[in-house]
Amino acid sequence: CNWACSLYYQHKYQKAIYKFKQATLYNPRLEYIYNGWGSALSNLGKFDEAIEILKQALKIRPNYLLAQMNIVLALLLKKNEEEALKYFEKVNKHLEFTWGKDHVADRFQKEVKMLDVRISETTDQDEIMLIQERKEGVKKLLELLADKEEAIEEGN
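The structure presented is a predicted model; accordingly, all values stated were derived computationally and were not measured.

Peer 1: Looking at this structure, I do not really get the overall build of the protein. What am I missing?
Peer 2: Secondary structure assignment for the protein yields eight helices and zero strands. For the protein, the sequential pattern of α-helices and β-strands runs α-α-α-α-α-α-α-α. By the burial criterion, 47% of the 156 residues in the protein qualify as buried. Within the protein, contacts between residues at least 6 apart in sequence are counted, and of these 56% link residues at least 24 apart. In the form shown here, the protein has an accessible surface area of approximately 9,000 Å², with 50% of it arising from carbon and sulfur atoms.

Structure follows, in structure tokens:
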């Protein structure tokens, strides 16, 4: 998975997908491989495929919060906000959300910064638009995570 992850962080998503697929042949029970694969698909705008692959991660580890939030993000990017909110609420009802929320929020905050760097390094207008759309989706996801945190704090 190291090579696939390295390609992913270099924004070579198509090559990363190939390596994630290969990794599943050797370790089909590692949920984070499917999460990386699904996230790479989402970065390429293949949201339906991404959701299906992310669900594979959840078959292995049903409470895998990062994969669940990547599904919410894919739904947001797919412009299906209503379904994204329903899925987000479903996740919240069945999990103790505070356990991994900080880690997940931190990961998506880092992604916003990474997307800003990608925008500054890219001259292709179509790619810039795709990156900006992803950034807006990530920001919406962070808002959902922040709203959940406020609700938890108010309940205590």
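Here the narrative resumes.
Peer 1: Which parts of the structure should I look at to understand the environment of Leu 30?
Peer 2: Structurally, the position occupied by Leu 30 is in the loop between helix H2 (13-26) and helix H3 (31-43). A residue is classified by how much of its surface remains accessible, and Leu 30, at 25% relative accessible area, is partly exposed.

Peer 1: For this particular structure, what's the right way to read the packing of helix H4 (residues 47-60) against helix H5 (residues 65-77)?
Peer 2: In helix packing, the relevant descriptors are the interaxial angle and the interaxial distance, both defined with respect to the helix axes. Following both chains from N to C, one finds H4 and H5 inclined at 165°, their axes separated by 9 Å at the closest point. As far as their axial angle goes, H5 and H4 are roughly antiparallel. The two elements H4 and H5 cross, and the hand of that crossing is left-handed. Counted together, Phe 47, Ile 51, Leu 54, Lys 55, Ala 57 and Leu 58 of H4 and Ala 67, Gln 68, Asn 70, Ile 71, Ala 74, Leu 75 and Leu 77 of H5 form the full contact between these two elements. In terms of residue class, the contact of H4 with H5 is made up of 10 nonpolar, two polar and one charged.

Peer 1: How do you make sense of the pattern of salt bridges when you look at a structure like this?
Peer 2: Pairing between side chains becomes possible if they bear opposite charge and their charged atoms approach one another. One pass over the full model with this rule turns up 10 salt bridges. Between Asp 48 and Lys 78 there is a salt bridge, with its nearest N and O atoms 2.4 Å apart. Note that Asp 48 is positioned in helix H4 and Lys 78 in the loop between H5 and helix H6 (81-94), a separation of 30 residues in sequence. Residue classification places Asp 48 among the partly exposed positions, given a relative accessible area of 47%. Between Asp 106 and Lys 110 there is a salt bridge; the shortest N-O distance is 3.3 Å. With Asp 106 and Lys 110 both in helix H7 (residues 98-121) and four residues apart, this pair spans about one turn of that helix.

Peer 1: What's the story with the packing of aromatic side chains in this structure? I'm lost.
Peer 2: Following the criterion strictly, the structure yields three aromatic pairs and no others. When the centroid spacing of 5.2 Å and the interplanar angle of 85° are considered together, the rings of Tyr 8 and Tyr 9 count as edge-to-face. By relative accessible area, which is 4% here, Tyr 8 ends up buried. A relative accessible area of 54% places Tyr 9 in the exposed class. Of note, Lys 19 hangs over the ring of Trp 3, and the distance from its end group to the ring centre comes to 3.7 Å. The residue whose ring lies beneath Arg 107 is Phe 108, and the NZ or CZ to ring-centre distance is 4.7 Å.

What counts and what doesn't
Residues numbered from 1 in each chain as written. Predicted model: local features only at pLDDT ≥ 70, side-chain atom pairs only at ≥ 80, totals over all residues. Heavy atoms only, no water. Helix = DSSP H or I, 4+ residues; strand = E, 2+ residues; numbered from the N terminus. Buried < 20%, exposed > 50% of the residue type's maximum accessible area, 1.4 Å probe, protein only. Contact = heavy atoms within 4.5 Å. Areas by Shrake-Rupley, 256 points an atom, 1.4 Å probe, with all protein chains shown as cover. Axes fitted to C-alpha atoms, helices over the stretch in contact; angles between N-to-C directions. Parallel < 35°, antiparallel > 145°, perpendicular 65-115°, else oblique. Left-handed = near helix turned anticlockwise from the far one by under 90°. Nonpolar A, V, L, I, M, F, W, Y, C, P; charged D, E, K, R; others polar. Salt bridge = Lys/Arg side-chain N within 4 Å of Asp/Glu carboxyl O. Phe/Tyr/Trp six-rings, centres within 6.5 Å; stacked < 30°, edge-to-face > 60°. Lys NZ or Arg CZ within 6 Å of the ring centre and 35° of its normal.

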